[in-house]
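Residues per chain are reported as follows:
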Amino acid sequence: MNYRNPELIERLAGEYVLGTLQGGARRRFEQLMTDSYRVRAVVWEWETQIAPLAAAVAPVTPPRHLWDNVRAGIRPARPGAAERWRDRVALWRGLSLAAGAAALMLAVVIGVRAPPTAAPEYVAVFNDEQAQAVWLVRADLDTGRIAVKAINARAAAADQAYELWMLPGGGAAPRSLGLLPAGRQGTEQTLSPALLALLRGAQGLAVSLEPAGGSPTGLPTGPVVFQAPLLSL
Amino acid sequence: MEQDKLVGLIQATARGDEAAFQRLYEETAPRLFGFCLRLLKRRDWAEEVMQEFYVKIWHRASDYHAERGAVLTWMYTVLRYQALDRLRAQKPTETLDGNGAESLPQDGPDALGLVLAGDMARHLRGCLEQLSDNHRTSITLAFFEGLTHEQLTERLAVPLGTIKSWIRRGLLSLRRCLEQ
C-alpha cells in the first residue's frame, strides 16, 4: 500500500475517524499517524468535520453519582504540579547556560509526579540562545503519550521543517517522533509499544532540519541542529 | 456556552483548576451523555465510559489545541473513540439487538431518530442530505451506532464489498461537499 498517495491517506483517515477501519489496517494507519504529523493533521480535519454530527443527538442529564465518580477518579489532587515543573526547569536552566549558547539546548529531565502512583514522565525543553523555552516535550512512559508544545518557536523556511528524533540506546538508528510545531501550536501522539520501549532506554532527543513534510526516508536527511543527552534529576 | 468560555475552562482544567473542570463537566456532560447513550445503548456502559472519559479529559486537557476544532467537537471525538473501543471490546453476544438496548432504530435514513437541525452545522447537514440514501445510511449507522463493516452487512443485508464501497464513496462525496 502506497502511503505517499494523498488520496489514500484521505480515505483511510476518513474511515479511521468514522470507526470503520479495523484490525491490521487500523494498526498500520495508527503507526502512520505516529510517524507523520501530516497524517495526524488530515485525521484532525476529518474529526472536526464529522464530529458535529454528534450534536444531533438530544442531551440527557447524567445521574449525580456520575460526577461523584469522576471527582473520585481524579483524586488525589495534584496541587502545585505546575510549580514543581517550573522549579525543575529553572534548576536545569542554571545548569545549561554553562554549556554554550550557539546551539539550541535540549535537556531531558526524568521526574516522577507526586503522588507515588502517578506515571513516570520525561520532560524535555528546547531553549534558544537566550535561554527562552521554544519547545516543550512531555512523554508519559506508561501510556506512551507524547505532547509537544511550541512556545513562540520560529517556523522553518517554507520548504523545510524541524523534525524531532528519538535516539535509542546502543547506537541504534534514530526514530522519528514527528514534526515540531511552530508559533504557539502543539501536537500529541501515542507511541506504539515498540517505540515506547525504545524511548525508555533512549539516549536523548534530537532535531534535524528536513524538507517540508519531514524526512522522506525515515532517517534524518538534513543537518541535526539540536541534540542533547539525558539528564536525571 | 460559547467556545471562548469553554476554551478558558479547558485551559484552567489543564492547570489543575478543579472548579473550572466541574463547570466544564456541567456544561458538556448532558450533550456528551446523550451521545454516549446513543452509541452504547446500555446505560451502565455509557456511565462507565463517561466516567473514564472525563477522568481522561482532566489529565489530558492540555492536549486540546485549535487544530482539533471547537472544544466540544474535540470532546465528542475523544468520547466517540472511547465508546467505540468499549463497543468493540465486548463479546458479540453482549452487544446491541435486544440485550438491554434502550431503543433500536429502524433502517433507513429518516428513521434514525435524529434531529437533523439545531446545533448541527448547516453545511454538514446539507452535505449529508446530498448523499445517496445508501451512502448516508451506511455512514450515519457507522457514526451513531458504531457499526463495523460486518455489522453493517448484517443490518442492511448487502454484501461486504457493497458496504465498503458505500462507505468509501460516501466519505469521498461528503469530503468533496464539505470542502466547498
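Up top is the structure these notes are about.
Residues numbered from 1 in each chain as written. Chains lettered and ligands numbered in written order. Predicted model: local features only at pLDDT ≥ 70, side-chain atom pairs only at ≥ 80, totals over all residues. Heavy atoms only, no water.

1. Points about the overall build of chain A
Next, step 1: Within chain A, the regular secondary structure consists of 6 helices and 9 strands.
Next, step 2: Taken over 233 residues, chain A has a buried fraction of 46%.
Next, step 3: Taking contacts inside chain A between residues at least 6 apart in sequence as the whole, the part at least 24 apart equals 56%.
Next, step 4: Counting every atom, chain A has about 10900 Å² of accessible surface; 57% of that belongs to carbon and sulfur. (Helix = DSSP H or I, 4+ residues; strand = E, 2+ residues; numbered from the N terminus. Buried < 20%, exposed > 50% of the residue type's maximum accessible area, 1.4 Å probe, protein only. Contact = heavy atoms within 4.5 Å. Areas by Shrake-Rupley, 256 points an atom, 1.4 Å probe, with all protein chains shown as cover.)

2. A word on the overall build of chain B
Next, step 1: In terms of helices and strands, chain B carries 8 helices and 0 strands.
Next, step 2: Moving toward the C terminus, one meets the helices and strands of chain B in the order α-α-α-α-α-α-α-α.
Next, step 3: Evaluated residue by residue, chain B yields a buried proportion of 54% over its 180 residues.
Next, step 4: Taking the intrachain contacts of chain B between residues at least 6 apart in sequence as the baseline, contacts between residues at least 24 apart amount to 64%.
Next, step 5: Accessible area of chain B: about 8100 Å², with a carbon and sulfur share of 48%.

3. Side note on the pairing of strand E5 (residues 160-167) of chain A
Residues and elements named next belong to chain A.
Next, step 1: Counting buried positions along E5 yields 7 of 8 residues, so the element is predominantly enclosed.
Next, step 2: Bridge analysis of E5 against strand E8 (residues 204-211) gives 8 bridges, and the strand direction is antiparallel. Looking across to E8, one finds that Leu167 is bridged to Gly204.
Next, step 3: Taken together, the 3 bridges between E5 and strand E6 (residues 175-179) define a ladder with antiparallel strand orientation. Note on E6: the bridge partner recorded for Glu163 is Leu179. (Pairing = 2+ DSSP bridges.)

4. Brief notes about the packing of helix H1 (residues 6-18) of chain A against helix H3 (residues 37-50) of chain A
Residue and element names in this part refer to chain A.
Next, step 1: Interaxial distance between H1 and H3 falls to 9 Å at its minimum, and their mutual angle equals 50°. By the angle class used here, H1 and H3 are oblique. As H1 packs across H3, the resulting crossing turns out to be right-handed. Within the contact between the two elements, H1 uses Ile9, Glu10, Ala13, Gly14, Tyr16 and Val17 and H3 uses Val39, Val42, Val43, Trp46, Glu47 and Ile50.
Next, step 2: Residues belonging to the contact of H1 with H3 are distributed by class as follows: 9 nonpolar, 1 polar and 2 charged. (Axes fitted to C-alpha atoms, helices over the stretch in contact; angles between N-to-C directions. Parallel < 35°, antiparallel > 145°, perpendicular 65-115°, else oblique. Left-handed = near helix turned anticlockwise from the far one by under 90°. Nonpolar A, V, L, I, M, F, W, Y, C, P; charged D, E, K, R; others polar.)

5. What about the packing of aromatic side chains?
Residues and elements named next belong to chain A.
Next, step 1: With the rule as written, the count across this model stands at 14 aromatic pairs over all chains.
Next, step 2: Taking the centre distance of 5.4 Å and the plane angle of 70° together, the rings of Trp135 and Tyr162 count as edge-to-face. Of this pair, Trp135 sits in strand E3 (residues 133-140) while Tyr162 is found in strand E5, placing the two residues 27 residues apart along the sequence. Each member of the pair, Trp135 as well as Tyr162, carries the same accessibility label: buried. (Phe/Tyr/Trp six-rings, centres within 6.5 Å; stacked < 30°, edge-to-face > 60°.)

6. What to know about the interface of chain A and chain B
Next, step 1: On the side of chain B, 56 residues touch chain A, which itself brings 53 residues to the contact.
Next, step 2: Across the chain A/chain B interface, buried area totals approximately 5200 Å², and carbon plus sulfur atoms make up 60% of it.
Next, step 3: Among the salt bridges present, the one from Asp63(B) reaches Arg145(A), with a minimum N-O distance of 2.6 Å.
Next, step 4: Summed over the shared surface of chain A and chain B, the result is 17 residue pairs in polar contact (both at pLDDT 80 or more).
Next, step 5: Broken down by secondary-structure element, the contributors of at least two residues to the side of chain A that touches chain B are H1, H3, helix H4 (64-74), E3, strand E4 (145-150) and strand E7 (186-190) of chain A.
Next, step 6: In terms of residue count, H3(A) provides more of the side of chain A that touches chain B than any other element does, 9 residues in total.
Next, step 7: Across the side of chain A that touches chain B, the residue classes break down as 26 nonpolar, 13 polar and 14 charged. (Buried area = accessible area lost by both parts, 1.4 Å probe. Salt bridge = Lys/Arg side-chain N within 4 Å of Asp/Glu carboxyl O. Polar contact = N/O pair within 3.5 Å; in protein donor to acceptor, adjacent residues only side chain to side chain.)

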